Amino acid sequence: MKAIRIKLYQNMVNYKIPSSFQLKETYPLPPYSTVIGMVHNLCGYKEYQEMKISIQGKYHSKVNDLYTRYEFKNGMEFDKGRHQLQADKFGICRGISTVELLTDVELLIHIIPENQDLIEEIKNSLDFPKIFPALGRWEDLAVIGEVKIVEIFEEELEEDLSLGDNYSVYIPLKMIKDGKIMLLGNGNKTSNQGTRYKLNKNYKKKDYGRNRVIRKWNKVEVVYSSRVLAVENEKILLDSDKKIVFAV
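Residues numbered from 1 in each chain as written. Predicted model: local features only at pLDDT ≥ 70, side-chain atom pairs only at ≥ 80, totals over all residues. Heavy atoms only, no water.

1. Some words on the side chain of Gln10
Among the structural elements, Gln10 can be located in strand E1 (residues 2-13). In this structure the side chain of Gln10 is engaged in a polar contact, spanning 2.8 Å, whose partner is the backbone oxygen of Leu135. Excluding residues within four positions of it along the chain, Gln10 makes contact with Tyr15, Asp104, Val105, Leu107, Leu135, Asp140, Leu141 and Ala142. (Helix = DSSP H or I, 4+ residues; strand = E, 2+ residues; numbered from the N terminus. Polar contact = N/O pair within 3.5 Å; in protein donor to acceptor, adjacent residues only side chain to side chain. Contact = heavy atoms within 4.5 Å.)

2. Some thoughts on the sheet that holds strand E10 (residues 181-183)
Read from one edge of the open sheet, 3 strands run E8-E13-E10, paired in antiparallel fashion. The sheet is open, and its two borders are formed by strand E8 (161-162) and E10, each paired with just one other strand. As defined by bridge partners, E8 adjoins strand E13 (residues 228-230) across 2 bridges and the pair is classed as antiparallel. What sits directly across from Leu161, in E13, is Ala230. (Pairing = 2+ DSSP bridges.)

3. Quick look at the packing of aromatic side chains
Given two aromatic rings, their pairing is described by the distance between the two centres and the angle made by the two planes. Evaluation of the coordinates by the stated rule reveals 5 aromatic pairs. Residues Tyr27 and Tyr197 carry aromatic rings whose centres are separated by 5.3 Å and whose planes lie at 85° to one another, so their mutual orientation is edge-to-face. Residue Tyr27 is found in the loop between strand E2 (23-24) and helix H1 (32-43), and its partner Tyr197 is found in strand E11 (residues 195-207); the two are separated by 170 residues along the sequence. The class of Tyr27 is buried, set by a relative accessible area of 8%. For the pair Tyr32 and Tyr170, a centre-to-centre distance of 6.0 Å together with 55° between the ring planes defines the contact as tilted. On the criterion of sequence distance, the pair formed by Tyr32 in helix H1 and Tyr170 in strand E9 (residues 168-172) is long-range, its members being 138 residues apart. Note on Tyr32: relative accessible area 0%, which makes it buried. Every member of this aromatic cluster is reached through a ring pair, and the members are Tyr27, Tyr32, Tyr170, Tyr197 and Tyr224. Of note, Lys16 hangs over the ring of Phe21, and the distance from its end group to the ring centre comes to 5.1 Å. The residue whose ring lies beneath Arg215 is Tyr203, and the NZ or CZ to ring-centre distance is 4.4 Å. (Phe/Tyr/Trp six-rings, centres within 6.5 Å; stacked < 30°, edge-to-face > 60°. Buried < 20%, exposed > 50% of the residue type's maximum accessible area, 1.4 Å probe, protein only. Lys NZ or Arg CZ within 6 Å of the ring centre and 35° of its normal.)

Honestly, it's all geometry; don't read function into it.
This is the structure in structure tokens:
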């Protein structure tokens, strides 16, 4: 099995947590749906191409920034005492809000398409993108440093293997439950460290009638952590350069 492995850099970025509004909080790494969206956008795919993704990386710090927010309620007509802008007969509120940003983000991403015939096509789209790659918001530009096709194989480890480059990673919960991955503790105070998320991956459209079509997301349970150890004698997915692959 082959994968496309990319290394990319972003100066400042927000991977928005869907439930955050007043302060647009960010995930520490892009969720799977964001990476899949970037790949589909660069490749020009109009239909979902099944693929597994592994995401690891790091950032330097978090900062907050201000932005202009526009809000409107469906069907609410313009009210001079309430709205700052008018669009036809409807009113729009304009105000200031805050967004959380990660700085100096480095990512190592494995993309494993189910249809292996797409490997070269995806690689070429990442090597020679028709539009500037963005990951997160449209303005969160991504500088792709390396695009490489690697072999993915399962190997029984002869010794424990840890992440390199001070990276953190999304670990599928199943890998922890199966005992393949161990989360290291903080001294004697905590048995393991990590933050649990349910991340969006892909969706199907569900028709509720009366022109109401809603996306039903497939969510993946993961643990985000930097203190990770692949356990000796367990079978782990690795790439050609012995990097651990946390594909989901």
